[in-house]
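Inside the fold
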2 protein chains.
Amino acid sequence: MTDQGIELAVSTVIFALRPHPTTGETTLWLPLVRRIRQPHEGRWALPGGPLLPDEDLAASARHTLERTTGLSSSYLEQLYSFGAVDRSPQRVVSIVYWALVRSDEVAGAVDGENVQWCVADEIPELAFDHDGIVQYALNRLRAKITYSPIARFFLSPEFTLAELRAVHEAVLVKRIDPANFRRQALATKTLVPTGSQLTGTSHRPPALYRFQVTSSDRNPR
Amino acid sequence: MTDQGIELAVSTVIFALRPHPTTGETTLWLPLVRRIRQPHEGRWALPGGPLLPDEDLAASARHTLERTTGLSSSYLEQLYSFGAVDRSPQRVVSIVYWALVRSDEVAGAVDGENVQWCVADEIPELAFDHDGIVQYALNRLRAKITYSPIARFFLSPEFTLAELRAVHEAVLVKRIDPANFRRQALATKTLVPTGSQLTGTSHRPPALYRFQVTSSDRNPR
DNA sequence: ACAAAAGTGTTAATTTTACACCCATGA
DNA sequence: TCATGGGTGTAAAATTAACACTTTTGT
């Protein structure tokens, strides 16, 4: 009832796919922001900010995402809430979201003054307990992509099965048999062929697909 | 940085197994508390309370559990955080946990003045969005019991495979083949036979098992 | 014609499911 | 000895995984 004086913040782990700087392989990246005040001043941290009184939790995450990257998310899901007592002099409860950004959007993004994109598996030491949070988000993404069709949120609405498979391979960092992947993907019945093909390749033109829009797309949770 | 004046509360969905009042079948139950002030005064709601400044999130959930039921939880996991702007005149962000209580503990519990245990699938209309939260917790429990050995948290440390199976059957509300269940359970290698048997049954005495204690028991998340 | 990826077919291995049947105990 | 669940065996069915092979394009 009475005010507890606990600060509420919302942070977001933002995932996007980009080529790895050395290997060139498509890899998971995420943006970090440099802290410009105490505590942990100068350290890299997850983008976030205080929850505004008239802002939904998810809206807060979306705003942070737009503010720090200039991008919009194609998928957003709550990850976990952290609120250990010892986090800092002023007690903070952080509600953390994770988000996916489409590759065609992220291609045009550039690092800002205090924003830097990092390869997800090569993160520097972060402020607070953000290392653990990133690891937790990575686990969640990798687990979820294996049983849920979230891979599509990295892609444009129309895509080939090879592109969809490439997303899985990049996220899970392992090769996947194209023939079996195709059958599994089509067996879900969530994939609809558009009828058209992707031309301009130096091989047989692949068919284009799109995902069926389901009602659960609005309430992922 | 500045105080936002948002109230922080922690609620808990507490599950226990008891016989169904009419069918006698072992069924999922959960305790509800009657609200004694506005908003939603008189309505049933999930047990919970404001987060104290020096209290961990999980500790808050545990305290609520003990306060309202007089019991302790054998398992506690964060469920979700809710914080829509429209929840009430005073904005509240609720961090919700779910908990399991052992059957031998709950047997001795009695309903208090403003506490009532209800069959989980026959919940009355609740205050706030608590109906949805209960449903979400039920989904989570039913999903998790199929891939994680949480069923044991309803049981005493030593139990028979039939008792373990009965927990699965009660939670999922469906019959499970005893032979196949046994093999699956033993295949996980998390089950250790104690060497002793349960006597006093009017049939072949079943072997007693206990679960291996793993390090992940401390950080379920 | 050749390379390269799209797409199809086939089989082995593994996991899941169904159910028959023997075992050990109390009544 | 009978009823009752404990516990084992086994085979069909479904799923997963591995890989050969055919198709269609650009060069």
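What comes next is a walk through the structure. (Residues numbered from 1 in each chain as written. Chains lettered and ligands numbered in written order. Predicted model: local features only at pLDDT ≥ 70, side-chain atom pairs only at ≥ 80, totals over all residues. Heavy atoms only, no water.)

Attention now moves to the pattern of salt bridges. Opposite charge on two side chains permits pairing when their charged atoms draw close. This structure, assessed with the given rule, holds 18 salt bridges over all chains. With its nearest N and O atoms 2.7 Å apart, the salt bridge here joins B:E77 to B:R140. Of this pair, B:E77 sits in strand β5 (residues 75–82) while B:R140 sits in helix α3 (residues 130–147), and the two are 63 residues apart along the sequence. A relative accessible area of 2% places B:E77 in the buried class. Within this structure, A:E25, A:R165, A:E169 and A:R175 form a network of salt bridges that share partners. (Salt bridge = Lys/Arg side-chain N within 4 Å of Asp/Glu carboxyl O. Helix = DSSP H or I, 4+ residues; strand = E, 2+ residues; numbered from the N terminus. Buried < 20%, exposed > 50% of the residue type's maximum accessible area, 1.4 Å probe, protein only.)

With an RMSD of 0.0 Å, chain B superimposes on chain A once it is rotated by 180 degrees and translated 0.1 Å along the axis. In short, the pair behaves as if placed about a two-fold rotation axis. Both copies present the same face, since 100% of the interface residues in chain B are matched by interface residues at the equivalent positions in chain A. (Least-squares fit on C-alpha atoms with pLDDT ≥ 70 in both. Contact = heavy atoms within 4.5 Å.)

Once that is clear, we can look at the packing of helix α4 (residues 161–172) of chain A against helix α5 (residues 178–187) of chain A. All names here are of chain A. For the pair α4 and α5, interaxial distance at closest approach is 10 Å and the crossing angle is 100 degrees. One finds that α4 runs roughly perpendicular with respect to α5. Residue-level contacts link L161, L164, R165 and H168 of α4 to P178, F181, R182, A185 and L186 of α5. The residue makeup of the contact of α4 with α5, split by class, is six nonpolar, one polar and two charged. (Axes fitted to C-alpha atoms, helices over the stretch in contact; angles between N-to-C directions. Parallel < 35°, antiparallel > 145°, perpendicular 65-115°, else oblique. Nonpolar A, V, L, I, M, F, W, Y, C, P; charged D, E, K, R; others polar.)

Moving on, we get to the protein's contact with DNA strand C. In the vicinity of DNA strand C there are 18 residues, among which A:A162, A:R182, B:N180, B:T201 and B:P205 approach most closely. Within 4 Å of the protein, the contacting atoms of DNA strand C are drawn from sugar and phosphate to the extent of 62%. Contact between DNA strand C and A:R183: a base oxygen at 2.9 Å from a side-chain N or O atom of the residue. A distance of 2.9 Å separates a base nitrogen of DNA strand C from a polar side-chain atom of B:N180. Contributing elements (two or more residues each) for the surface near DNA strand C: α4 and α5 of chain A together with α5 (178–187) of chain B. For the surface near DNA strand C, the class distribution of residues is six nonpolar, five polar and seven charged. (Near = heavy atom within 4 Å. Polar contact = N/O pair within 3.5 Å; in protein donor to acceptor, adjacent residues only side chain to side chain.)

This next bit is on the interface of chain B and chain A. The interface of chain B with chain A comprises 28 residues on the first partner and 28 residues on the second. For the pair chain B and chain A, the summed buried surface comes to about 2800 Å²; carbon and sulfur atoms form 52% of the total. Here chain B is connected to chain A by zero salt bridges. The element that contributes the greatest number of residues to the side of chain B that touches chain A is β5(B), accounting for four residues. Split by residue class, the side of chain B that touches chain A holds 15 nonpolar, six polar and seven charged. (Buried area = accessible area lost by both parts, 1.4 Å probe.)

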